[in-house]
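Okay, here's what each chain looks like letter by letter:
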Amino acid sequence: MRRLLTVLAAALLLTAAAVAVPPPAPAAAGTVADYPEFPYPATAYDEAFRGQYHFSPRAGWMNDPNGMVYYRGTYHLFFQHNPHGLAWDTMHWGHATSTDMVHWVQRPIALEPGVHPGDLWSGNGVVDTANVTGLKTGSDDPILVFSGTNGVTIHYSTDGAKTFQTYDRGRKVAVPSGTSRDPHVFWHAASGRWVMVVWNDGGGNGATFYTSTNLLSWTYASRFAADWFFECPDMFALPVDGNSGNVKWVLTDASGEYVIGSFDGMTFHPDWSSPQRMDQGANAADGTFYAGQTFTGVPDGRVVQMAWQPGNHGSTWTGDQTFPAELQLKTFPDGVRITRNPVREISSLRSGGVSATNRTITTSASSNPLAGTNADTYEITAEFDAAGASASSFGLKLHTRADGSYDRAVTYDRAAQTLYGKPLSPVNGRVKVRVLVDRGQLEVFGNDGRLSVSDNVNFNSAAGSQGIQVFATGGSVNLVSLQFYRLGKAWGTGESTLDSNLSGPWTAAGGTWTDVSGGKQGQAPGDAFYLSSSTGGDFTYQGDVRITSGVAAALTFRASADGTQHYTANVDANGLVKLWRPGRDIAVYNTPITVGRTYHLKVVTNGSRIRVYLDQGATPVIDATDTAYASGRFGVNVFNGTAVFGNVNVNTAGFSTSLPGPWKPVGGTWVAPCTGLAVHTPGDAFYLSGTTAANLTYEGDVRVVNGVAAALTFRASADGTQHYTANVDTGGLVKLWRPGRDIAVYPTTILEGRWYHLKVVAQGASISVYLNGTKVIDATDSTYSSGYLGLNGFSGTATFNNIVATV
């Protein structure tokens, strides 16, 4: 979505320079080896002008909301994003999640240039609950997102939006004429088809419609031509006045202009010849409301919209999103119109209510019912009797100061019948005003959403600038009712990068804890703990730990809330695995521990018995007893240094294998999510078990998440320089190879994100390879007669599970 963004970005950089902000880093593309990246500095979201309940990126540039879907209890917000700078450049798809559309947690990047082909510009997303695409592999429904310019590209996730793959190597599935972008896909129940609407200018501005039964193959249906219609289409059905027997389809563009009409699944027939506008803010790419999109799949059927606000920026970010608003169609004297109102979930932020009824507001400050109320972020709903007023104007002054100055006034002008400068007629002589005030945002709603104005305002949050005044000018007005609430901070309620099934919130007991790619980083000069809210007595608890610098990284369990009582199992750079509690080193296992390498620890408890396992080993390296603590919290621990923790889970199956281990890495970063084992590597990387074999049957499930290859390795040397490897390769083949020779190749389609079952049968020089139960390679090679069994990933991210060998 280039539009005016280059000009806007330059203006923002000049603004940043004026306040001595360092220039942003150059835009950058990712690699398959480090996907998904999380390239963000730590933040408490308390920078000047940072919205406290309006979503903004942790750092970097943000514009259009994209791919907004609800999936299994979670709302997903994707957005146009340059995480490496404050200006528009090298678009990524950022990602955030929420359980209520209010409290958002930023996640690792969803789509990255360098990993996903195409320009990754705006689009939307849907969940394929019926698996009409056939892309499902595992328990998650496919989530599809649509992107691309001058043709539509599909990306999809089969793991709940943790990672995304690209369909058919980025082949464009629909190519409208002229310039095109911003595909939007929705389900049309009456025709039983999926519909895609794309903005394009072939023959003039307009929207081109396509249909599909499988979300992958699209057929041209029709075109809606309108000079006013420009980019970022959205389309949805709404009942008029809540009447399910009178449903209208709404077609809207980036500026918030819309028409209503009928849609038969093929062609849109508008009821109007010219559009209305749903929000009266500055509707442009350099304004305060642009490129609004609605969520798909909201459980109760509400149509909920968020839009980009270009006018908010600070020291580390550019852009925010409007607060989620429910859209409805209602009948007014001038016709059927959209109303916008904040979603009811805003109530979760409220505290400190103040109310008033039947107050006469005069020109005197003494009539102000909010005198003495000071707030930084808040919500006010006030109803005024305009018909009986003698005041020429009345309203709310926001962020007032003792000298009478203020940051912004929301004023109703009786003669002009305008609120905040926009037309709004009284209803039965009354005017209802609702405002959402945030540090860099002001949203004004009039008469229950008949008027909506989204604005960006840099409010002064200093303690002396937080007054509020209900005012009247040139007379008096009756304040029928007023309700004030403070609105709390929506940030910090979830974990961005720590993959865990343990309940939050997590709390720190010492140290500094930050989100980094691959997990949670802890840093402390002594002991520090990061503790979940989950507790347990008997369990299997496991996770990945890595000492980045210093002494030790650990899993902590049966801990008190303040971390003064606990059991902790660690890897220690002094060359040991240790189980300890305050006052006692319970047991020690001596083994080399390498700083910078990821280790997998597993703890199994049964009463006083505690067993500790290392790197997928079948035999515990520590088997001890201690009766000090019977139950407590789960967490992680760092000692005298810096460590990173990931995939921290309790009572999950994890990596399943018949090989006893312990396993050892040769290259790459090997971790253990709850779905098995995973590797991130820029080249070849091996994970070798402790089992050697000559003749064997060796099999397992392998998946290339992103990148090139995933494989079974056998008859390998301890350093991985000699081996046989049978892989699935996304270049379109199954290959049996060894260093220096590709022994045999079987051409077949291999998809990123899909699980495949590989089996190798080796008897002497005879080697057979099976794919999903079918023999595809039968070859001979006598170079290696025996060696270690293991796994291999090449140039990307791969996952593995259910690894079984008969030797």
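Reading the values: rules and limits
Residues numbered from 1 in each chain as written. Predicted model: local features only at pLDDT ≥ 70, side-chain atom pairs only at ≥ 80, totals over all residues. Heavy atoms only, no water. Helix = DSSP H or I, 4+ residues; strand = E, 2+ residues; numbered from the N terminus. Rg over C-alpha atoms; globule rule 2.2 N^0.38 Å. Buried < 20%, exposed > 50% of the residue type's maximum accessible area, 1.4 Å probe, protein only. Contact = heavy atoms within 4.5 Å. Areas by Shrake-Rupley, 256 points an atom, 1.4 Å probe, with all protein chains shown as cover. Polar contact = N/O pair within 3.5 Å; in protein donor to acceptor, adjacent residues only side chain to side chain. Pairing = 2+ DSSP bridges. Phe/Tyr/Trp six-rings, centres within 6.5 Å; stacked < 30°, edge-to-face > 60°. Lys NZ or Arg CZ within 6 Å of the ring centre and 35° of its normal. Salt bridge = Lys/Arg side-chain N within 4 Å of Asp/Glu carboxyl O.

Enquirer: I'd like a description of the overall build of the protein chain, backed by residues and values.
Expert: Broken down by element type, the protein chain carries one helix and 55 strands. Taken over the C-alpha trace, the protein chain has a radius of gyration of 30 Å; the compact-globule value for 807 residues is 28 Å, and the two agree within 12%. Considered along the principal axes of its C-alpha atoms, the protein chain spans approximately 100 × 70 × 50 Å. Residues counted as buried form 60% of the 807 residues belonging to the protein chain. The contacts of the protein chain with a sequence gap of at least 6 include a subset with a gap of at least 24, amounting to 61%. Approximately 27900 Å² of the protein chain is accessible, and the part contributed by carbon and sulfur atoms is 49%.

Enquirer: So what about the side chain of T133? Which residues, and what values?
Expert: Of note, T133 is situated in the loop between β5 (125-127) and β6 (143-147). Using a relative accessible area of 10% as the deciding quantity, one classes T133 as buried. Polar contacts involving the side chain of T133 include one to the side chain of D128, which spans 2.7 Å. A distance of 3.1 Å separates a polar side-chain atom of T133 from the backbone nitrogen of L135. Beyond its immediate chain neighbours, meaning those up to four positions away, T133 contacts D128, P142, L144, N214, L215 and L216.

Enquirer: Got a sec to walk through the pairing of strand β33 (residues 477-487)? Specific residues and values, please.
Expert: Across a regular strand the side chains alternate sides, sitting on one face of the sheet and then on the other. Across nine bridges, the pairing between strand β23 (residues 350-361) and β33 is antiparallel. Each bridged residue has a counterpart across the sheet, and for R359 the counterpart in β33 is L479. Of the pairings in the sheet, the one linking strand β24 (residues 378-385) to β33 comprises eight bridges and is antiparallel in character. The partner of T381 across the bridge, within β33, is Q483.

Enquirer: Break down the packing of aromatic side chains for me, citing the residues and quoting the values.
Expert: Following the criterion strictly, the structure yields 45 aromatic pairs and no others. With 6.0 Å between their ring centres and 40° between their planes, F78 and W93 make a pair best called tilted. With F78 in strand β2 (residues 74-82) and W93 in strand β3 (residues 92-98), this residue pair connects regions lying 15 residues apart in the sequence. Here F78 matches W93 in class, with each residue buried. With 5.6 Å between their ring centres and 80° between their planes, F655 and W663 make a pair best called edge-to-face. Grouping aromatic residues by their ring pairs yields a cluster made of Y45, F55, Y70, Y75, F79, W104, F295 and W491. Over the ring of W317 we find R50; its NZ or CZ atom is 4.2 Å from the centre of that ring.

Enquirer: Give a description of the sheet that holds strand β8 (residues 165-166) that names residues and reports values.
Expert: With respect to topology, four strands assemble into an open sheet ordered β5-β6-β7-β8, the strand pairing being antiparallel. On the outer flanks of this sheet lie β5 and β8, each paired with one strand and no other. Looking at chain direction, strand β7 (residues 153-157) and β8 are connected through two bridges and run antiparallel. By the bridge assignment for β8, Y156 is matched with Q165.

Enquirer: An account of the pattern of salt bridges is needed here, citing residue identities and associated values.
Expert: Under the defined criterion, the tally for this structure stands at 35 salt bridges. Note that D499 is salt-bridged to K162, the shortest N-O span being 3.4 Å. Pair noted here: D499 is in the loop between β33 and β34 (507-509) and K162 is in the loop between β7 and β8, with a separation of 337 residues, a long-range link. In this structure K162 comes out as partly exposed when scored by relative accessible area, which is 46%. In this structure, D279 engages R340 in a salt bridge whose closest nitrogen and oxygen atoms are separated by 3.5 Å.

Enquirer: So what about the environment of S454? Which residues, and what values?
Expert: On the secondary structure map, S454 appears in strand β31 (residues 451-455). Sequence-wise, S454 and F323 are 131 residues apart; in three dimensions their C-alpha atoms are separated by 9.3 Å. Those residues in contact with S454, other than ones at most four positions away along the chain, are D279, G281, A282, T288, F289, Q309, T322, R340, L442 and E443. Here the side chain of S454 touches D279 through a polar contact of 2.9 Å, side chain to side chain.

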